[in-house]
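Observations on the model geometry
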Amino acid sequence: MDQINNAVETLISSSNTLFILLGAIMVFAMHAGFAFLEVGTVRQKNQVNALVKIMTDFAVSALVYFFIGYQIAYGSHFFSSATELSQNNGYELVKFFFLMTFAAAIPAIISGGVAERARFYPMLISAAIIVGLVYPLFEGMIWNGNYGFQSWLETQFGAGFHDFAGSVVVHGVGGWVALAATLLLGPRTGRYRNGKVVAFAPSNIPFLALGAWILCIGWFGFNVMSAQTLDGVSGLVAVNSLMAMVGGIIAAMVFGKNDPGFIHNGPLAGLVAICAGSDILHPIGALVTGAIAGALFTWLFILIQQKFSNLDDVLGVWPLHGICGAWGGIATGIFGTEAMGGLGGVSLVSQIIGTVAGISIALIGGFLVYSVTKMLSGLRLSQEDEFNGADLSLHKISSTNKD
């Protein structure tokens, strides 16, 4: 009997390790989606820079999260022997890998907002501080119960802040930090003339579409594998993600008037919004949540371009991740209730408070980090370097060779 029990335990442990490893690989692949979405959106003279930023941001994020961020969030470190780390088929190591790919999404999100005029190393160092200190602070509060925040919400309002896969913890934080960085950086040279926007058309729609498709596919690892163990896997999460994605596409198509940029960002808006409640919403609630997110993104992106001359958010990461992430946190408190067909166990008040807390930490942390960086080294390229493009100015090579 002991042998049978040991065999079952080994099978469960190895299955859980494989499950979360596959999730980590799928979310890792999403970073290629971030890269190509930015490559297709920016002007051709900044394409190489987009690719380099996403790759190097990922590497630096892995280092700071391994040595600092993971310990702040979960109180665990990796300074023990390999014998200890490899217990339970190395599940804890793979769990770190999975959560690190989430953390690394923060600078990938920021990158899209500050594209085409940001200096390389100052932004890289700033992103490292965000991933190592700011993001884990809120992550630990929500996903590990740090500082008693969740306990307080449960005591006061009957439920903690529910964010299953990171509408607010990941996307909201990334989007609102990006807002701070973008405002401090200022608009691209020539973007606004006489109070009117000068349109910089996307350089490559196929690359933009490729990035969106990669992100959509990887998102099912992002959401479904957030269960972190095989016994927690739920088809409800998968179908809710699908329905929210579809709702985002349809809304972006209608409100964006068939614009390919909106149509390919619409599913991302829906997926951002459904992360928080994907495990408890009814699929129809998920469809509505995604559709509202797609409409919100489209409307806000157009409004920003026309009215907010100081906010030059190249990929629209603040409306996409910041606003749609916040909407996802609040929508969970609406459509996650039993009265709206959900599984219940949520409080709208807790969802609002948790969302506001995430926004506050992101804004304060973002403005603090990027303000100090701006004061010490500056954030943006010189006017000449910006005119020549980040590819030649920073990397000494262009994206294509016509010789």
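Time to look at the side chain of asparagine 223. If you trace the backbone, asparagine 223 turns up in helix α9 (residues 205-224). The class for asparagine 223 is buried, based on a relative accessible area of 0%. Reaching out from asparagine 223, the side chain makes a polar contact with the side chain of serine 241 at a distance of 2.9 Å. Filtering out sequence-adjacent residues up to four positions away, asparagine 223 remains in contact with Phe164, Ala165, Val237, Ser241, Leu271, Ile274, Cys275 and Ser278.

Before going further, it helps to spend a moment on the nonpolar core. Grouped together as the largest cluster of nonpolar side chains are 108 residues, with contacts concentrated most on Tyr65, Tyr135, Phe138, Trp219, Phe222 and Tyr370. Among the elements that make up this core, the one with the highest residue count is helix α8 (residues 167-185) (11 residues). Setting aside chain neighbours within four positions, we find tyrosine 135 in contact with Tyr65, Phe102, Ala103, Ile106, Ile130, Trp143, Val169, Val170 and Val173.

Inspection of every chain in the model, using the stated rule, returns 6 salt bridges. Residue arginine 188 pairs with glutamate 116 through a salt bridge whose shortest N-O separation is 2.9 Å. Of this pair, arginine 188 sits in the loop between α8 and β1 (192-193) while glutamate 116 sits in the loop between α5 (105-113) and α6 (120-143), and the two are 72 residues apart along the sequence. Glutamate 116 matches arginine 188 in its accessibility class, with the two residues each being buried.

Here we take up unusual backbone geometry. Positive phi, normally seen in glycine, also occurs at glutamate 116, with a value near 85 degrees. Exposure remark for glutamate 116: the relative accessible area of 2% places this residue in the buried category. For tyrosine 147, which is not glycine, the phi dihedral falls at a positive 65 degrees. Examined against the element boundaries, tyrosine 147 turns out to sit in the loop between α6 and α7 (149-157).

Our focus in this paragraph is the packing of helix α13 (residues 317-335) against helix α14 (residues 348-376). Where α13 contacts α14, the two axes come as close as 7 Å, and the packing angle between them is 170 degrees. Considering their axes alone, α13 and α14 lie roughly antiparallel with respect to each other. Between α13 and α14 lies a crossing whose hand is right-handed. Two secondary-structure elements touch here, α13 through Ala326, Gly329, Ile330, Thr332, Gly333 and Ile334 and α14 through Leu348, Gln351, Ile352, Thr355 and Ile359. Considering only residue class, the contact of α13 with α14 consists of 6 nonpolar, 5 polar and no charged.

Turning our attention to the side chain of histidine 162. Tracing the backbone shows histidine 162 in the loop between α7 and α8. Side-chain polar atoms of histidine 162 contact the side chain of aspartate 279, separated by 2.8 Å. In contact with histidine 162, not counting residues within four places along its chain, are Ala276, Gly277, Asp279, Ile280, Thr332, Val346 and Gln351.

Each pair of packed helices gets described by two things: the angle between the helix axes and the distance between those axes. In contact at an axis separation of 7 Å, α8 and α13 are set at 145 degrees when each is read in the N-to-C sense. Where α8 crosses over α13, the handedness of that crossing is left-handed. For the pair α8 and α13, the contacting residues are Ser167, Val168, His171, Gly172, Gly175, Trp176, Ala178 and Leu179 in the first and Val317, Trp318, His321, Gly322, Ile323, Gly325, Ala326, Gly328 and Gly329 in the second. Each residue belonging to the contact of α8 with α13 can be placed in one class, and the counts come to 8 nonpolar, 9 polar and no charged.

Here is what the cut-offs are and how they apply
Residues numbered from 1 in each chain as written. Predicted model: local features only at pLDDT ≥ 70, side-chain atom pairs only at ≥ 80, totals over all residues. Heavy atoms only, no water. Helix = DSSP H or I, 4+ residues; strand = E, 2+ residues; numbered from the N terminus. Buried < 20%, exposed > 50% of the residue type's maximum accessible area, 1.4 Å probe, protein only. Polar contact = N/O pair within 3.5 Å; in protein donor to acceptor, adjacent residues only side chain to side chain. Contact = heavy atoms within 4.5 Å. Core = buried A, V, L, I, M, F, W, Y, C linked by side-chain atoms within 4.5 Å. Salt bridge = Lys/Arg side-chain N within 4 Å of Asp/Glu carboxyl O. Axes fitted to C-alpha atoms, helices over the stretch in contact; angles between N-to-C directions. Parallel < 35°, antiparallel > 145°, perpendicular 65-115°, else oblique. Left-handed = near helix turned anticlockwise from the far one by under 90°. Nonpolar A, V, L, I, M, F, W, Y, C, P; charged D, E, K, R; others polar.

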